[in-house]
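Below, each chain spelled out in residue letters.
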Amino acid sequence: MIQKRSYLYLFALLTLLFFAPHTYSQTETKKKESRSKLFEETTTDSDYLMAIEKAGEVMESAYNDADFDSASHHLFGEIKRTQSKLDLILASLKGANPNVRNQQMYHTVLKELQLQLDEQNTAINLRNQNLEKIKRRFIDLRKDKTLTGLLKDTIRRKQFKKEFANLKKRYLATDSLMTKNQGILNAKKRLTVQRKIAVSNALITVENNLEKSGISMLHKEYPFLWNINDSIPKKTVRQNIGAKIAIEENVAAYYLSYRTGGLITLIFFIGLLCWYISRNLKYLKTNGYEEKLSHFNFKYLNRGVLLPAIVIGLNIAVVSNLYAPAMFLELMQLFLLGILTLLFKNKWSVKSMKNWILLLGLFFALCFLDLFIEVGLLQRCAFIIINILGIRYGLIQIKTIKDQLYIKGFFKWASIIFIGLNGLSILYNLFGRVSLSNMLSLTAFISLTQIVALSVLLKIILEIVILQIYTTRIKRGFEKIFDHESLSDTLKKPFIIVISYMWLVVIASNLNVWESLRTSLGSLLSHPNTIGSITFTLGNIVLFFIIIWIAHLLQKYVAYFFGEIDDENEENVNKRQHSKLLITRLIVLIAGYLLAVAASGMPLDKLSILLGALGVGVGLGLQNVVNNFVSGVILIFDKPIQIGDVIEISSESGRVKSMGLRTTKINAPNGAEIIIPNGNLLSQNITNWTYTDNFKLVEVAIEINGDTTPEAINEIVMQALESLPLINLEKAPQLYYTAISDGKYKLLIKFWCSIYRTEETISSARQVLFSNFKAKGLTFST
């Protein structure tokens, strides 16, 4: 048995040794085959899962991107609001009277609606493009070989049955959403196209209406007045009035909502102005200066703060809402005139008030006829009656109103325009140009009432400025009432230019020529002109000079807001404030010139050439001017002298009255005004008596005869000095005896007093000393 087992072991060993090389080679071959299969590009279950996951992510992102976001919902809301605006405008075009104001507003709103529809159409196109991009993502999935191979393999497809069910669910949801949203966008697109056509047609209608209202005697709109034969039942008239009131209310309400932001801003600033005026008045009343306000003869601020502030706000609103609907604008005008009536009450004469109320009545009747009465025999005859009364008013009764106004120069032109437009209105009405006739009638009354309102506006603004100056001066300790009338005459000049512009704009807008004038003027000013290599426009040049003018105007009048005027008390002058004022003026001028250069549109390379040429000019002939300017800037910041200082320079002496960028003015003791270039001031020795304080050491030499002692003399002198309020006793007076003999004493008295009242103080001291020594029986001489 043992021998048999040994044979088996031997056989196994031989077999192993014999077959070992072959087995090794087969093993190596199998390893090579397995290695080649491992690195071979074969698709596994993991690859299929990744392809399915990728397709699911594409569908999920497509679903999210295809869904409408908040911006899209906001767009749909805008489209809906645009529709409501357009419906209102179209309904108003059919039912409202074709007056110029409404047509101008319709034209402006339709232009904006046209832009809005273009923007909405563009936004819809972008969303349609987004959906097309999403569709391309699905098309790109077909290029995935792994996913397409899996779809073709029925055996494998059953293996991933659950994953394919989820994928199919996502696909159907995305496809449904995209189909739904595509339909919504197509519907919105269709609506925008239809609305654009409706807006274009409405614009043609409005432009035709505006053209009919143009100043032309041709193409009559209605029959001649003597050819009219219409009789409308009273019931129909009432129905028409009711319908037109509803339409005008809707249009005015729409415009009010359209301009809500601007009106709220205006109300905020008017409220701020009310608070500012009230604060100044309260300060003066609290500190006991209420009675002194009567010296300024305020016509409107003494009636309260609210009404004057409302007048300012309404005047601004009238000018800033040139294209408002007729009802909105005419109600605003009537409200303004009502506020003015409250201000005029108890201030105007009885005759003037009656004539003013008559003017308001005619204007109200004119507005009612224009807005709510259908064009016909009744309306045209009523307009003619109002025009005739207006001509009579302009020839006879208008003089009583003119006498009550602050500025009377413009009233002459307003009267001429008022009478002329009423006369033209009658002629156009008779010959069938009703729209033009109505427009001229309204413009006539608005031009007259607006100049009254603007006159009141100017007076209110001047009163506010005077109040500000007086309050600031009271806070600085100046209680003296200044010459406010001459100051008002000085301040009103630039304001008159602004008011003239406002008046002309209102008239041109009511005559329907403002837009064409503005367009023509804009094209003229913006037309490029070329001289050599320099290109410029007239608008840039005009803007350059306007900014320079405003900068000089501001630096000239900025002192008034600091409470500075020419006749202030020289002893209490605030030198620090004057320095701030000079720096403010310098900043205003520099900022104005820089802004003017920027607004002129001049290229920097051309500006450098100009500065180079200017440098040559400075070297040749402008060096003194530049020297004085630079010296003025140095004087402002270095402050060796300030306004109010008493100085001596060369042989001149006096008080510094004003400091400019080129010269300094000095008031001499004899009343002369000395003008010294700043370069001379900076290059010479200056004695400044008030650099540290306003006190000066003065001397009085006296001689006393009589039986007395130095101690008694000292006591009499000190009592006399202490009784004088003009002497500054914070610095002790000094007494020096220059000679003493039996019964005869010579003294030198030194004390400090205000440098501005030196002579007055010395004179008072001599008088008091004489009286005191005489009371003691001593002989006094100086």
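The structure displayed is predicted, hence computed values, not measured ones. (Residues numbered from 1 in each chain as written. Predicted model: local features only at pLDDT ≥ 70, side-chain atom pairs only at ≥ 80, totals over all residues. Heavy atoms only, no water.)

**Here's the deal with the overall build of the protein chain**
Assigned secondary structure in the protein chain consists of 23 helices and 12 strands. When each of the 782 residues of the protein chain is scored for burial, the buried share is 41%. For the protein chain, the share of sequence-separated contacts (at least 6 apart) that also reach a separation of at least 24 residues comes to 77%. Carbon together with sulfur atoms contributes 61% to the accessible area of the protein chain, which is approximately 43600 Å² in total. (Helix = DSSP H or I, 4+ residues; strand = E, 2+ residues; numbered from the N terminus. Buried < 20%, exposed > 50% of the residue type's maximum accessible area, 1.4 Å probe, protein only. Contact = heavy atoms within 4.5 Å. Areas by Shrake-Rupley, 256 points an atom, 1.4 Å probe, with all protein chains shown as cover.)

**Observations concerning the sheet that holds strand E4 (residues 652-659)**
Taken together, the five strands give an open sheet; going across it, the order is E6-E5-E4-E3-E7, and neighbouring strands pair in antiparallel fashion. On the outer flanks of this sheet lie strand E6 (673-677) and strand E7 (686-688), each paired with one strand and no other. Neighbouring strand axes in the sheet, compared pairwise and without regard to direction, differ in orientation by 40° on average. Strand direction decides the pairing type here: E4 and strand E5 (residues 663-667), joined by four bridges, are antiparallel. Within E5, the residue paired with Val656 across the bridge is Ile666. (Pairing = 2+ DSSP bridges. Axes fitted to C-alpha atoms, helices over the stretch in contact; angles between N-to-C directions.)

**Considering the pattern of salt bridges**
Under the defined criterion, the tally for this structure stands at six salt bridges. A salt bridge links Lys196 to Asp118, with the shortest nitrogen-to-oxygen separation between them at 3.0 Å. Taken together, the residues span a long stretch of sequence, with Lys196 in helix H7 (residues 161-212) and Asp118 in helix H4 (residues 100-141) at a distance of 78 residues. Residue classification places Lys196 among the partly exposed residues on the basis of a relative accessible area of 28%. (Salt bridge = Lys/Arg side-chain N within 4 Å of Asp/Glu carboxyl O.)

**Observations regarding the side chain of Asn438**
Locating Asn438 in the fold gives a position in helix H15 (residues 434-475). Owing to a relative accessible area of 8%, Asn438 belongs among the buried residues under this scheme.

**Description of the side chain of Thr192**
Tracing the chain through its elements places Thr192 in helix H7. When its relative accessible area of 0% is taken as the criterion, Thr192 is described as buried. A distance of 2.7 Å separates a polar side-chain atom of Thr192 from the backbone oxygen of Lys189. Among all residues touching Thr192, those that are not within four sequence positions of it are Leu117, Gln120, Asn121 and Ile124. (Polar contact = N/O pair within 3.5 Å; in protein donor to acceptor, adjacent residues only side chain to side chain.)

**A look at the confidence of the model for the protein chain**
Keep in mind that low pLDDT regions are not for reading the predicted coordinates in detail. Confidence along the protein chain averages 78 in pLDDT terms, with 81% of residues attaining 70 or more. Considering each helix and strand of the protein chain separately, the mean pLDDT is smallest for helix H1 (residues 2-38), with a value of 39, and largest for helix H10 (residues 306-320), with 91. Note that pLDDT drops below 50 for residues 1-41; the model gives that stretch one contact with residues more than four away or on any other chain. (pLDDT = per-residue confidence, 0-100.)

**Details of a nonpolar patch on the surface**
On the surface, Ile497, Val542, Ile546, Trp549, Ile550 and Leu554 cluster together to form a nonpolar patch covering roughly 530 Å² of accessible area. Looking at the nonpolar patch, the element that brings in the most residues is helix H18 (residues 538-561), giving five residues. We classify Ile550 as partly exposed; its relative accessible area is 37%. (Patch = residues over 30% accessible without salt bridge, like charges linked within 9 Å, V, L, I, M, F, W, Y side chains within 5 Å.)

**Quick notes on the packing of aromatic side chains**
According to the stated counting rule, one finds 13 aromatic pairs in the structure shown. On the numbers, 6.5 Å between centres and 70° between planes, the contact of Tyr393 with Phe418 is edge-to-face. Taken as a pair, Tyr393 in helix H13 (residues 377-402) and Phe418 in helix H14 (residues 409-430) lie far apart in primary sequence, 25 residues in all. An angle of 85° between the planes, with centres 5.0 Å apart, marks the rings of Phe418 and Phe445 as edge-to-face. With Phe418 in helix H14 and Phe445 in helix H15, the pair connects residues that are 27 residues apart, well separated along the chain. For Phe418, a relative accessible area of 0% translates into the label buried. On the basis of relative accessibility, which here comes to 0%, the residue Phe445 falls in the buried class. Each residue in the set Phe363, Tyr393, Phe418 and Phe445 is aromatic and connected to the rest through ring pairs, giving one cluster. Sitting over the ring of Tyr283, Lys475 keeps its end group 5.1 Å from the ring centre. (Phe/Tyr/Trp six-rings, centres within 6.5 Å; stacked < 30°, edge-to-face > 60°. Lys NZ or Arg CZ within 6 Å of the ring centre and 35° of its normal.)

**Details of unusual backbone geometry**
Residues other than glycine seldom take positive phi values, yet Asn297 does so here, at roughly 55°. Accessibility expressed as a relative area gives 47% for Asn297, which makes it partly exposed. The phi torsion at Asn346 lies on the positive side, around 65°, for a residue other than glycine. Relative to the helices and strands, Asn346 is located in the loop between helix H11 (326-344) and helix H12 (350-372). You can call Asn346 exposed: its relative accessible area is 69%.

**A few points about the packing of helix H9 (residues 260-286) against H10**
Viewed as axis vectors pointing N to C, H9 and H10 meet at an angle of 150°, and their least axial separation amounts to 10 Å. With respect to their mutual orientation, H9 and H10 come out roughly antiparallel. As for the relative orientation of H9 and H10, their crossing is right-handed in sense. Across the interface between the two elements, Leu266, Ile270, Leu273 and Cys274 from H9 touch Leu306, Ala309, Ile312, Gly313, Ile316 and Ala317 from H10. (Parallel < 35°, antiparallel > 145°, perpendicular 65-115°, else oblique. Left-handed = near helix turned anticlockwise from the far one by under 90°.)

**Observations concerning the packing of H11 against H12**
Relative orientation of the contacting elements H11 and H12 amounts to 170°, with a least axis distance of 11 Å. Taken as axis vectors, H11 and H12 run roughly antiparallel relative to one another. Here the hand of the crossing between H11 and H12 comes out left-handed. Along its contact with H11, which presents Ala326, Met327, Glu330, Gln333, Leu334, Leu337, Leu340, Thr341 and Phe344, the element H12 presents Met353, Trp356, Leu360, Phe363, Phe364, Cys367, Asp370, Leu371 and Phe372. Among the residues forming the contact of H11 with H12, the class breakdown is 14 nonpolar, two polar and two charged. (Nonpolar A, V, L, I, M, F, W, Y, C, P; charged D, E, K, R; others polar.)

**Notes on helix H16 (residues 484-510)**
Here H16 contains 27 residues, and its C-alpha end-to-end distance of 37 Å stays within 8% of the 39 Å for a straight helix at 1.5 Å per residue. Taken as a whole, H16 carries its principal kink of about 40° at Lys493; the proline Pro494 stands between one and four residues after it. Directly after H16, the chain includes Asn512, whose backbone phi takes a positive value near 65°. (Expected span 1.5 Å × (residues − 1). Bend = angle between axes of the 7 residues up to and from the residue.)

**With respect to the pairing of strand E11 (residues 744-754)**
Bridge count for strand E8 (residues 695-705) against E11 is 11 bridges, and the pairing is antiparallel. Its bridge partner being in E11, Lys696 is matched across the sheet by Cys753. Bridge count for strand E9 (residues 727-728) against E11 is two bridges, and the pairing is antiparallel. Looking across to E11, one finds that Ile727 is bridged to Cys753. Hairpin connection, strand E10 (residues 734-741) to E11: the antiparallel pair is bridged by two residues, and Gly743 has positive phi, about 80°.

**Looking at the environment of Ser683**
Structurally, Ser683 can be placed in helix H21 (residues 678-683). According to the relative accessible area criterion, Ser683 is exposed, its value standing at 58%. It is 9.2 Å that separates the C-alpha atoms of Ser683 and Ser631, two residues lying 52 residues apart in sequence.

**Some words on the nonpolar core**
Among the nonpolar cores identified, the biggest contains 109 residues, and Leu110, Leu340, Phe344 and Trp356 are the most heavily contacted of them. Here this core takes 24 residues from H15, the largest share from any one element. Counting residues in each nonpolar core, the second largest holds 23 residues, with Met59, Leu75, Leu141 and Phe164 among its members. (Core = buried A, V, L, I, M, F, W, Y, C linked by side-chain atoms within 4.5 Å.)

**So, the environment of Tyr283**
Within the secondary structure layout, Tyr283 lies in helix H9. By relative accessible area, which is 27% here, Tyr283 ends up partly exposed. With 192 residues separating them along the chain, Tyr283 and Lys475 place their C-alpha atoms 9.3 Å apart. In contact with Tyr283, other than residues within four places in its own chain, are Thr471, Ile474 and Lys475.

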